[in-house]
Amino acid sequence: MSQDEQRGRDLTQAFYRGLTQPRLSRQNFLRGSGAALMAALAPQIARAEKVTDWKAWWAKQKPTKNFVFANWPLYIDVSSNGKDHPTIDAFTKQTGIKVTYQEVIQDDPSFYAKIAPVLKSGQSTGYDMMVITDGWYLTELLMQNFLVPIWREKVPNFDKYAGPSVKNPSFDPGNKHTMVWQSGLTGIGYNPKLTKREINSIEDLWDPAFAGHVGMFSDVTELGPFGMMKLGINPTTSTPADWEKAAVVLKEQKAKGLVRQYYEQSYINALQNGDTWISMAWSGDIYQANSKGYKDLKFVVPKEGCSIWHDNMCIPVGAKNPLSALAWMNYYYTPKVAGLVEDYVNYICPVPAAKDYILNVIKDPAVANSPLVFPPESELARAHEFYSFKSYAQYQQFLNIFNPIVQS
Amino acid sequence: MRRLRGKLAPYLLSLPSWVYLLVFFLIPLCSMLGMALAVGNPLTGYILSDNFQEFVTAFNNYQDAFLRSFWYGTASTVITLAISYPVAYWIAFYGGRHKSTYLFLVMLPFFVSFVIRVLAWEFILSDQGFLLGPLKAIGLLPRSYHLLSTQWAVIGGLVYNSFAYYVLPLYVVLEKIDRRLVRAANDLYASPATAFMKIILPLSAPGVFAGFLLVFVTNVGDFVNAALLGGPGTYMIGNIIQDSFFESQDYPMAAALSSMLMLMLMIAILLYSKVFGAEAIQEYAA
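Residues numbered from 1 in each chain as written. Chains lettered and ligands numbered in written order. Predicted model: local features only at pLDDT ≥ 70, side-chain atom pairs only at ≥ 80, totals over all residues.

Draft legend 1. Structural context of the overall build of chain A. When its secondary structure is counted, chain A shows 19 helices and ten strands. Burial analysis of chain A (408 residues in total) assigns 53% to the buried set. Within chain A, contacts between residues separated by at least 24 positions form 79% of all contacts whose residues are at least 6 apart in sequence. (Helix = DSSP H or I, 4+ residues; strand = E, 2+ residues; numbered from the N terminus. Buried ≥ 20, exposed ≤ 12 C-beta atoms within 10 Å, placed from the backbone. Contact = placed C-beta atoms within 7 Å.)

Shown next as structure tokens:
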């Protein structure tokens, strides 16, 4: 086990997982930027033959007894001795497929920087499945045809058990290339003792009574949608004109001195310490904070809506054991397996029926009845996916509109 | 033949360091400069060109961040000097046989990971933390007062993180000062203050000079303190370079910003050495 992985285990979940964008560690930054530079400079050498007929390609694949799964740290169930992953062991027992489970993804940008040069040169990354958050990097993988289309007939459980919030996402219509591993909501976290009232609206982030104690995210793909939702714009279907409008209200919020800081993942410390009274927040982090003893903190899906993000299983081009990956997806999408994983991971489960399994078989009502792990349909209906960028130029346009808010 | 070998010997002996410089300095530097001039995007790849537009854009958009970084860098270095000089002086002159213990204590916090140390300060300085909590409870500070999210929190973080890097070079020069010179000054009726100004300060100038460079250059490019301890309006150039690399994937911009930062630092260092440089110091010490 590398030192990084070890360190990942030691740190808290909130620090590492379920978080969408740039994470902070000088070592990672240096390593990542080096890799990114190499990736950028890598000559466009001969690529392996491009597959066009994926049906024929799948028909040629033979079952194998191996499966290499790249995932984020602390993102699957762990046995009480801390060494084994019961769901993986059961999978091996059931199918005879040996699983190499690697917790190698610390964040999307640096993981992308590691695999992009390999994929560009037409070689195999060595992974059969990886978990990537929806956002620019997933879009980039899709645009370059670096993900193998899923042979849907081999994953019948998805159609049977997947919840409506993970079917047919805007970034991958028809789930052609991805299937959700876990989701999370970006809503509002607050401490009622400090705000002195209940919170239910995005407008509350603009309330002058909380001046200097409002936390916002520095990741503009998260920040932008909050400006849009305040104005009643649906971020998923927004236009550049909407982005400009949203930037105006966000700039106002900053100019009035309401914002304490544009946080990366340390927003949760600020909420816990009482530096911020109200903040943009990830549902999973508030759940973790509650179970660590910060019982005052509350999470709310504002009436205007919230953002939903998905971490997605996908198969990179060049995978050596693609049929094993399909078998794993089909295995995961059952109330039992999803329930076992969920009982440990506590983000949002893609299989609603897992709730009954956790309640009646695992007998853990705290998780099963938590509106943070199994949000009611009424809340999920108000959750908007991020806008899917159509080109790099469009992504740049978005950044040029929102970056000046954070970067000054 | 033998004479030729004799002439070549110094060059051959220094070959490893030349190779080192080439591989770990010159090649990365050139590739960075190349990247700054390239056009393209991460999907289509990049082509080297003679496009200097990136530098113009970088200068126009991020002047404030550059200025702020240099201001934070200068302020934090001066404060670090003011704090670490007395510490190094005390250890060198009054540390006795426990000198190495004291130095070890100065170094001790640095055995903990950099990011964790900054996070610890975030905790200490928080609005209701050990420091501000009690002061607010007894009414010395208003409830809404905060240290975090201000430029002073960032500068303070930089000072804390560079403390040991200034103490060590200062300690080395102070330790080497011949104590008989100080005694001679005393014998000649110099007051302790005069002895310090005329003997100790000039002789320790090389340490002040070296430590300043070490600390200033690292602090100007820092981004961790601003991200964790700062607020809206404390963005440093390091944060912008990080965003350009990771968030925007705008490699030419990131490379242009890095090259500009390097160039500005080089100019600053050249000016600084011209004024306080090796020759000036020697004259001062003599």
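Draft legend 2. Structural detail: the overall build of chain B. Helix and strand counts for chain B come out as 13 helices and two strands. Its C-alpha radius of gyration of 24 Å places chain B more than 25% over the 19 Å reference for a compact globule of 286 residues. Along the first, second and third principal axes, the C-alpha atoms of chain B reach 85 × 75 × 30 Å. Sorting the 286 residues of chain B into buried and exposed places 31% on the buried side. (Rg over C-alpha atoms; globule rule 2.2 N^0.38 Å.)

Draft legend 3. Expanded view of the interface of chain A and chain B. Each partner contributes to the interface: chain A provides 34 residues, whereas chain B provides 36 residues. Contributions of two or more residues to the side of chain A that touches chain B are made by α3 (26–41), α7 (136–143), β6 (259–263), α12 (267–273) and α19 (392–406) of chain A. Among the elements that make up the side of chain A that touches chain B, the one with the highest residue count is α3(A) (eight residues). Looking at side-chain class alone, the side of chain A that touches chain B contains 13 nonpolar, 15 polar and six charged residues. (Nonpolar A, V, L, I, M, F, W, Y, C, P; charged D, E, K, R; others polar.)

Draft legend 4. Molecular detail of the nonpolar core. Residues and elements named next belong to chain A. In this structure, M129, W328 and M329 are the most contacted members of the largest nonpolar core, which totals 123 residues. Tallying contributions element by element places α19 first for this core, with eight residues. Setting aside chain neighbours within four positions, we find M329 in contact with V155, F158, M179 and M313. (Core = buried A, V, L, I, M, F, W, Y, C linked by C-beta atoms within 7 Å.)

Draft legend 5. Structural detail: the confidence of the model for chain B. On average, residues of chain B carry a pLDDT of 91, and 96% of them reach 70 or more. In the model output, the complex is listed with pTM 0.85 alongside ipTM 0.85. (pLDDT = per-residue confidence, 0-100.)

Draft legend 6. Structural view of unusual backbone geometry. Of note, the phi angle at A:N145 is positive, near 55°, even though the residue is not glycine. Tracing the backbone through its elements, the reader meets A:N145 in the loop between α7 and α8 (156–161). We note that B:S149 has phi near 65°; this positive angle belongs to a residue other than glycine. With respect to the helices and strands, B:S149 occurs in the loop between α6 (132–137) and α7 (151–176).

Draft legend 7. Quick peek at the pairing of strand β2 (residues 98–102) of chain A. Residue and element names in this part refer to chain A. In this structure, strand β1 (residues 66–70) lies alongside β2, joined through five bridges in parallel fashion. Bridge pairing in β2 links F69 to Y101. Regarding topology, helix α5 (residues 86–95) serves as the crossover connection from β1 to the parallel β2, and that connection is right-handed. (Pairing = 2+ DSSP bridges. Right-handed = clockwise from strand over helix to strand, strands pointing away.)

Draft legend 8. Representation of the packing of helix α3 (residues 53–94) of chain B against helix α12 (residues 251–276) of chain B. Residue and element names in this part refer to chain B. Running from N to C, α3 and α12 cross one another at 65°; their axes reach a closest spacing of 10 Å. In this structure, α3 crosses over α12, and the sense of that crossing is right-handed. Contacts between α3 and α12 involve E54, F55, A58, Y62 and F66 from the first element and P252, M253, A256, L257, M260 and M264 from the second. Of the residues that constitute the contact of α3 with α12, the class distribution is ten nonpolar, no polar and one charged. (Axes fitted to C-alpha atoms, helices over the stretch in contact; angles between N-to-C directions. Left-handed = near helix turned anticlockwise from the far one by under 90°.)

Draft legend 9. Layout of the confidence of the model for chain A. Mean pLDDT over chain A stands at 88; residues scoring 70 or higher make up 88%. Confidence over residues 42–47 of chain A falls short of pLDDT 50; this stretch has six contacts with residues more than four positions distant or in other chains.

Draft legend 10. Seen up close, helix α10 (residues 220–230) of chain A. Within α10(A), eleven of the eleven residues are buried, leaving the element largely enclosed by the surrounding structure. Along α10(A), the positions that sit buried rather than exposed are A:V220, A:T221, A:E222, A:L223, A:G224, A:P225, A:F226, A:G227, A:M228, A:M229 and A:K230.

Draft legend 11. Just the environment of A:D107, in detail. In this structure, A:D107 sits in the loop between β2 and α6 (108–120). The spacing of A:D107 and A:I132 is 25 residues in sequence and 8.8 Å in space, taken between C-alpha atoms.

Draft legend 12. Fine view of the packing of α10(A) against α19(A). Residues and elements named next belong to chain A. At a minimum axis separation of 10 Å, α10 and α19 run at an interaxial angle of 90°. The angle between the axes of α10 and α19 places the two elements in the roughly perpendicular class. When α10 is examined against α19, the residues V220, L223 and G224 are found in contact with a partner set consisting of F398, L399, F402, N403 and V406. Of the residues that constitute the contact of α10 with α19, the class distribution is six nonpolar, two polar and no charged. (Parallel < 35°, antiparallel > 145°, perpendicular 65-115°, else oblique.)

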